[in-house]
Amino acid sequence: MYTTLITPEQLRTLRASGQPQMLFDCSFELMKPQAGDAQYRDAHIPGAVRADLDRHLSAMHGAPGKHGTLTAQAADAPASGGRHPLPNREKFAIWLSSVGFANGMQAVVYDRQGANYCGRLWWMLKWAGHEAVAVLDGGLQAWQASGGEVVAGEEPGHFRSNFELRAPLARLVDADAVLARLDSPAQTVLDARAGPRFRGETEPLDPVAGHIPGALNRPFAQNIGEDGRFKPAQQLRAEFDALLAGRDPASVVHQCGSGVSAVPNLLAMQVAGYPATALYAGSWSDWCSDRSRPVATGG
C-alpha cells in the first residue's frame, strides 16, 4: 500500500502486479480552467481517469470574488466555503462510484503542476476514509522522463462501483474553529500562498488582500526540489522545524487561497514524519468573505 508518495518506478511495478488500482489525472490551470482537459487529451498515463478540480473535486462556487458570486445548490450541501468548496463526502463518494473506484483499490493521483492539484484528490480520499492513495512524485513529467508510456485522447468508461465512506483519515476545520483559536498556542496557521499575496501586496483572485493574523507563510512550491520531486524527508523536516520554531506540529492548520495549494504543505509534513495536521479548506477566500474577521498584512 502506498499512502504518501509513489515513484515512477514503483508505479510501473504496481501496474504490472495486477493489484486493483486506479490512476487519476488531476491536471489543471487556475487561470485557464479548460487547459487541464486539453492536457489530458494530449497525453496521459494509459487508463487514467480525468479528475477536474472544478467539475469533480469542488462543489459549486459559493463565495464572493472579484468576478461575481455563484450560489451553491442546496443539493450540493458543500462541506466548506471558499472559491473551491469541498463537495460533501456523500457527493464525493457518488462520483468515485460513478468512475468505478472501489474501496479495495490503490489510488495514484498526478498532475503536471507540482502536485498542486492532485494533492486535493489525495486529501479528499483520505477524508473519505481511504488510506491507499499516493501522489506520483514528480508528476507526469517524471513518469515520461523515466520512459513511462502515455496515450492521447479519451479513455473508455468504467462500470459503476459502490464506494463506501469510512471514518475520515484527514481533519477538516472551518472558519469558526480557526477564529476561536487565533491567539492560542493550540493552533498554528500555515499559509501556502506566495509571499506577495500573504503580505497583502497583491491579490489577483479574492476581494481582500492580506492573511489570517498570526499565520506563518510557506509557499507550497518550496516543498519541491530542482528535479521536480518532493524534497527528501530529512530536508523537509529541517525546513518545517525551522519555520515552526518550537510550535507544536500537531497544532498546524493548513490554508491557502481556496484550500487546494495548501495540501502540498500538508503532504510534505506527512512525508517528513510529523503527526497528522488539519486543513482549513475554505482558506483565505472563505475567511475574507466575512468582513468582520480580522485581517493582517505585512511579513
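Notes on the structure in this doc start here. These figures come from a predicted structure and were not determined experimentally.

A short note on the nonpolar core
- The biggest cluster of nonpolar side chains holds 54 residues, and the ones touching the most others in it are F24, F101, L121 and W123.
- Elements with a contribution of two residues or more to this core: strand 2 (21–25), helix 3 (89–98), strand 4 (106–110), helix 4 (118–127), strand 5 (133–136), helix 8 (233–244) and helix 9 (263–271).
- Of the residues forming this core, the biggest block, 7 residues, is contributed by helix 4.
- Apart from residues no more than four positions distant in its own chain, F101 is found in contact with M22, F24, L96, A107, L125, H130, S161 and F163.
- Judged by nonpolar contacts, the second largest core, of 15 residues, contains A175, F198, A278 and W287.

Examining the sheet that holds strand 2
- Overall, parallel pairing links the 5 strands, which are arranged 1-5-4-2-3 in an open sheet. Every other strand in the sheet has two partners, leaving strand 1 (5–6) and strand 3 (49–50) as the edge strands with one partner each.
- Across 3 bridges, strand 4 lies against strand 5 in parallel orientation. Bridged to V109 within strand 5 is V135.

Concerning the packing of aromatic side chains
- Counted by the stated rule, this structure contains 8 aromatic pairs.
- For the ring pair F24 and W95, a centre distance of 6.0 Å and an interplane angle of 45° mean the geometry is tilted. Highlighted residues: F24 in strand 2 and W95 in helix 3, separated in sequence by 71 residues.
- Judged by its relative accessible area of 0%, F24 is buried.
- For the pair F240 and Y274, a centre-to-centre distance of 6.2 Å together with 75° between the ring planes defines the contact as edge-to-face. Placement of the pair is F240 in helix 8 and Y274 in the loop between helix 9 and strand 10 (278–280), with a sequence separation of 34 residues.
- Given a relative accessible area of 0%, F240 falls into the buried group.
- Overall, the relative accessible area of 5% leaves Y274 in the buried class.
- In textbook terms, an aromatic cluster arises when at least three aromatic residues are bridged by ring pairs, as seen for F24, F92, W95, F101 and F163.
- Above the plane of the ring of W287 lies R293, whose end atom (NZ or CZ) is 5.7 Å from the centre.

Brief notes about the sheet that holds strand 10
- Reading across the sheet, the 5 strands line up as 6-10-9-7-8 and stay open at both edges, with parallel pairing between neighbours. Every other strand in the sheet has two partners, leaving strand 6 (171–173) and strand 8 (216–217) as the edge strands with one partner each.
- With 4 bridges joining them, strand 7 (residues 188–191) and strand 9 (residues 252–255) adopt parallel strand pairing. Paired with L190 across the bridge in strand 9 is H254.
- On the sheet, helix 9 packs against strand 7, strand 9 and strand 10 and is oriented at approximately 145° with respect to strand 9.

Things to note about helix 4
- Extensive coverage of helix 4 is indicated by the burial of 10 of its 10 residues.
- Those residues of helix 4 not exposed but buried are C118, G119, R120, L121, W122, W123, M124, L125, K126 and W127.

Thoughts on the pattern of salt bridges
- Taken as a whole and judged by the stated rule, the model has 16 salt bridges.
- Between D37 and R50 there is a salt bridge, with its nearest N and O atoms 2.7 Å apart. With a gap of 13 residues between them, D37 in helix 2 (residues 35–42) and R50 in strand 3 connect regions that are remote in the sequence. Across the pair, R50 and D37 agree in class, each one buried.
- A salt bridge links R83 to D206; the shortest N-O distance between them is 2.6 Å. Of this pair, R83 sits in the loop between strand 3 and helix 3 while D206 sits in the loop between helix 7 (195–199) and strand 8; the two residues are 123 residues apart in sequence, bridging distant segments of the chain.
- Among the residues examined, D206 registers a relative accessible area of 0% and is labelled buried.
- Bridged by salt links that share partners, the residues D25, D37, R50, D52, R55 and R112 form one connected network.

About the criteria used
- Residues numbered from 1 in each chain as written.
- Predicted model: local features only at pLDDT ≥ 70, side-chain atom pairs only at ≥ 80, totals over all residues.
- Heavy atoms only, no water.
- Core = buried A, V, L, I, M, F, W, Y, C linked by side-chain atoms within 4.5 Å.
- Buried < 20%, exposed > 50% of the residue type's maximum accessible area, 1.4 Å probe, protein only.
- Helix = DSSP H or I, 4+ residues; strand = E, 2+ residues; numbered from the N terminus.
- Contact = heavy atoms within 4.5 Å.
- Pairing = 2+ DSSP bridges.
- Phe/Tyr/Trp six-rings, centres within 6.5 Å; stacked < 30°, edge-to-face > 60°.
- Lys NZ or Arg CZ within 6 Å of the ring centre and 35° of its normal.
- Axes fitted to C-alpha atoms, helices over the stretch in contact; angles between N-to-C directions.
- Salt bridge = Lys/Arg side-chain N within 4 Å of Asp/Glu carboxyl O.

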